[in-house]
Number of protein chains: 2
Amino acid sequence: MQRIERHASFGGWQDVYEIESATLGVKTRVGVYLPPQAIERPCPVVYWLSGLTCSEQNFITKAGAQQHAARHGLILVAPDTSPRGEGVPDADGYDLGVGAGFYLDATQVPWNSHYRMHDYVVHELPAWVEANFPASDARGIAGHSMGGHGALVLALRNPGRYRSVSAFSPIVAPTQVPWGEKAFSAYLGDDRDAWREWDACALIADARERLPLLVDQGLADEFLENQLRPELLREACEAAGHPLELRLQPDYDHSYYFIASFIGEHLAHHAEMLRG
Amino acid sequence: MQRIERHASFGGWQDVYEIESATLGVKTRVGVYLPPQAIERPCPVVYWLSGLTCSEQNFITKAGAQQHAARHGLILVAPDTSPRGEGVPDADGYDLGVGAGFYLDATQVPWNSHYRMHDYVVHELPAWVEANFPASDARGIAGHSMGGHGALVLALRNPGRYRSVSAFSPIVAPTQVPWGEKAFSAYLGDDRDAWREWDACALIADARERLPLLVDQGLADEFLENQLRPELLREACEAAGHPLELRLQPDYDHSYYFIASFIGEHLAHHAEMLRG
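Quick notes on the rules
- Residues numbered from 1 in each chain as written.
- Chains lettered and ligands numbered in written order.
- Predicted model: local features only at pLDDT ≥ 70, side-chain atom pairs only at ≥ 80, totals over all residues.
- Heavy atoms only, no water.
- Buried < 20%, exposed > 50% of the residue type's maximum accessible area, 1.4 Å probe, protein only.
- Helix = DSSP H or I, 4+ residues; strand = E, 2+ residues; numbered from the N terminus.
- Pairing = 2+ DSSP bridges.
- Right-handed = clockwise from strand over helix to strand, strands pointing away.
- Bend = angle between axes of the 7 residues up to and from the residue.
- Contact = heavy atoms within 4.5 Å.
- Polar contact = N/O pair within 3.5 Å; in protein donor to acceptor, adjacent residues only side chain to side chain.
- Least-squares fit on C-alpha atoms with pLDDT ≥ 70 in both.
- Axes fitted to C-alpha atoms, helices over the stretch in contact; angles between N-to-C directions.
- Buried area = accessible area lost by both parts, 1.4 Å probe.

Enquirer: So, the pairing of strand β7 (residues 164-168) of chain B: which residues are in play, and what are the values?
Expert: All names here are of chain B. Along β7, five of the five residues are buried, which leaves the element largely enclosed by surrounding structure. Side-chain alternation along β7 places S164, S166 and F168 on one buried face and V165 and A167 on a second face that is also buried. With five bridges joining them, strand β6 (residues 135-144) and β7 adopt parallel strand pairing. Counterpart to G140 in the pairing with β7 is S164. Handedness of the β6-helix α4 (residues 146-157)-β7 crossover: right-handed. In this sheet, strand β8 (residues 213-218) lies alongside β7 in parallel orientation, the contact comprising four bridges. Each residue of the ladder has a partner; that of F168, found in β8, is D216.

What follows is the structure, encoded as structure tokens:
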């Protein structure tokens, strides 16, 4: 591991590391915010999963999350959104390949050579974090758009692994919308039954754990009706009796201005759930 | 004027406009944050001047200032750092020409054709703001690095025009450091007496108004010793009896992570001074 950025931030440190990931088969970057409390004691960790086109930089520069992590004593870990670099397959378009890993483990050639973001985020990344930083094993997960999908799916697929989950503008039903259909066809192939294992709305029906979901969705979001469809999440949660706080926010769009406006409330929610 | 971005942000609106500036002789972009209070009443305005290489985007995306403006009822106006576009002279290097206007009115060919950022920020921009938005005539000014120089110099050169001023990591004595020497030689020519009119430390000696200065400077700032030299500001203020609160912040660097960490305190200072 190599530290490639370090900035003092709200009494703590916003760092960026480059690590060699065995799971992804490439070097990958990750933002780590260490709050001031991490000097004295192990802190819970919130993993943040970003959306299409993003790297580890978007969240750490634009979300304004550090101040809240510093208040609550949370470590924030922000991985890249896909493998990238030499030998990593890519495709035309912003919504497949590099910058668009969809937090799943690809089964199809050529994607299955490197695209294992689920395995990386759920296993290798926390093992690295917990070995190298004053991190407790209390884990939360959150994300935006494709990363909101990632947060919901990773929490639902891995009961017991996360104590808190929240999402901004998530792709809640990728098997039913264009972004998901394109990505899942490529990464997972034509068998739509296999897609359901990576679809939050589908997973909720059979969830073994009823972790409460906090979701914010802007009503001026340009992707609301075609790609995000929060009403499908509401229906799935109602049918399964899964606890959901879905907040529809008038005027807000799909940008980091939206995330910044409510990240404080999300991190307060995580802090409450992660309290030992 | 044309609105080219609008985002809901902390109950208000982060907008970006493109305006035709007669002073600069080109179209120029400006970020305007309207806090929720602006729906009901005129609000004071804080002008933010960014540093070298920046456009209107850096501050509005990275500083996390909107939450504080929303709390205090402040309009935030973030202009570009220079003219730019067809016909605007430029130079090699990041520290002269486009992105490096230094908030002065150039006297030398070819720069005097467009580089009049002082005139634009002090006169044309506030006239446009106060004509088009619910803005009171209570004005504050703040900035970072080259923009910190701009904030101090504009306030010192224009007594009565601003009620509050603050700076992060300002170039306090451009006549004595490499960035300033390069820029002033080009924009103002070889007569070093003329340079003193654009140097905060020189202006403080003869200031007709003793507006208190709030300045934050990170001690891990890579430009501290060669370009910023806050001790010169302290000496100038002590010699002139000018009120200065200079805060030296251990560990902080020159980045927006530093600005984000303390912008809340700066805007609280402005709000206090601007209260009607």
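Structure's up, so let's keep going.
Enquirer: Help me get a handle on helix α3 (residues 117-132) of chain B, residues and values and all.
Expert: A bend of about 30° at L125 of chain B is the largest found in α3 of chain B, and the proline P126 of chain B appears one to four places after it. Summarising the contacts, the buried residues of α3 of chain B are in contact with β2 (12-21), β3 (26-34), β4 (43-49), β5 (75-79), β6 and α4 of chain B.

Enquirer: Any chance you could break down the pairing of β3 of chain B for me, citing the residues and the numbers?
Expert: Residues and elements named next belong to chain B. With seven of nine residues buried, β3 is to be regarded as a mostly interior element. The pairing of β2 with β3 spans nine bridges and is antiparallel. Directly across from W13, in β3, lies its bridge partner L34. The turn joining β2 and β3, which pair antiparallel and follow one another in sequence, is formed by four residues; a positive phi near 75° is taken by G25.

Enquirer: Outline unusual backbone geometry, supporting the account with residue identities and numerical values.
Expert: Residue and element names in this part refer to chain A. Cis geometry marks the peptide bond from V109 to P110, where omega comes out at 0°. With respect to the secondary-structure elements, P110 resides in the loop between β5 (75-79) and α3 (117-132). Positive phi, normally seen in glycine, also occurs at T53, with a value near 80°. Mapped onto the elements, T53 comes out in the loop between β4 (43-49) and α1 (57-62).

Enquirer: Describe in detail the side chain of Q67 of chain B, supporting the description with residues and values.
Expert: Of note, Q67 of chain B is situated in helix α2 (residues 66-72). At a separation of 3.1 Å, a polar atom in the side chain of Q67 of chain B contacts the main-chain carbonyl oxygen of G64 of chain B. Setting aside anything within four residues of it in sequence, one finds Q67 of chain B in contact with Q67 of chain A together with F10 of chain B.

Enquirer: I'd love a proper account of the relation of the copies chain B and chain A, names of residues and values included.
Expert: With an RMSD of 0.0 Å, chain B superimposes on chain A once it is rotated by 180° and translated 0.0 Å along the axis. The transformation just described matches what one would write down for a two-fold rotation axis. Among all C-alpha atoms of chain B, that of K62 of chain B lies closest to the rotation axis, at 2.5 Å. Interface residue correspondence from chain B to chain A reaches 100%, placing this contact among same-surface, isologous pairings.

Enquirer: Please provide a residue-by-residue account of the sheet that holds β4 of chain B, values included.
Expert: Read across the sheet, nine strands follow the order β1-β2-β3-β5-β4-β6-β7-β8-β9 (chain B) without closing on themselves; strand pairing throughout is mixed. Strands with a single pairing partner mark the edges of an open sheet, and in this sheet they are β1 (2-9) and β9 (244-249) of chain B. Neighbour to neighbour, the strand axes of the sheet diverge by 20° on average, direction disregarded. Relative to β1 of chain B, helix α10 (residues 256-274) of chain A is tilted by about 25°, and along the sheet it contacts β1 and β2 of chain B.

Enquirer: Before we move on, could you go through the interface of chain B and chain A and cite the residues and values that matter?
Expert: Taken together, the contacts link 21 residues of chain B with 21 residues of chain A. In this assembly, chain B packs against chain A so that about 1,700 Å² is buried in total across both faces, 54% of it on carbon and sulfur atoms. When the buried surface of chain B facing chain A is broken down by residue, A8, F10 and Y257 of chain B rank first, second and third, together holding 36% of it. Where chain B packs against chain A, one counts eight residue pairs in polar contact (both at pLDDT 80 or more).

Enquirer: I'd like a rundown of the environment of N226 of chain B, residues and numbers included.
Expert: With respect to the helices and strands, N226 of chain B occurs in helix α8 (residues 224-228). For the pair N226 of chain B and P178 of chain B, spaced 48 residues apart in sequence, the C-alpha to C-alpha distance is 7.5 Å.

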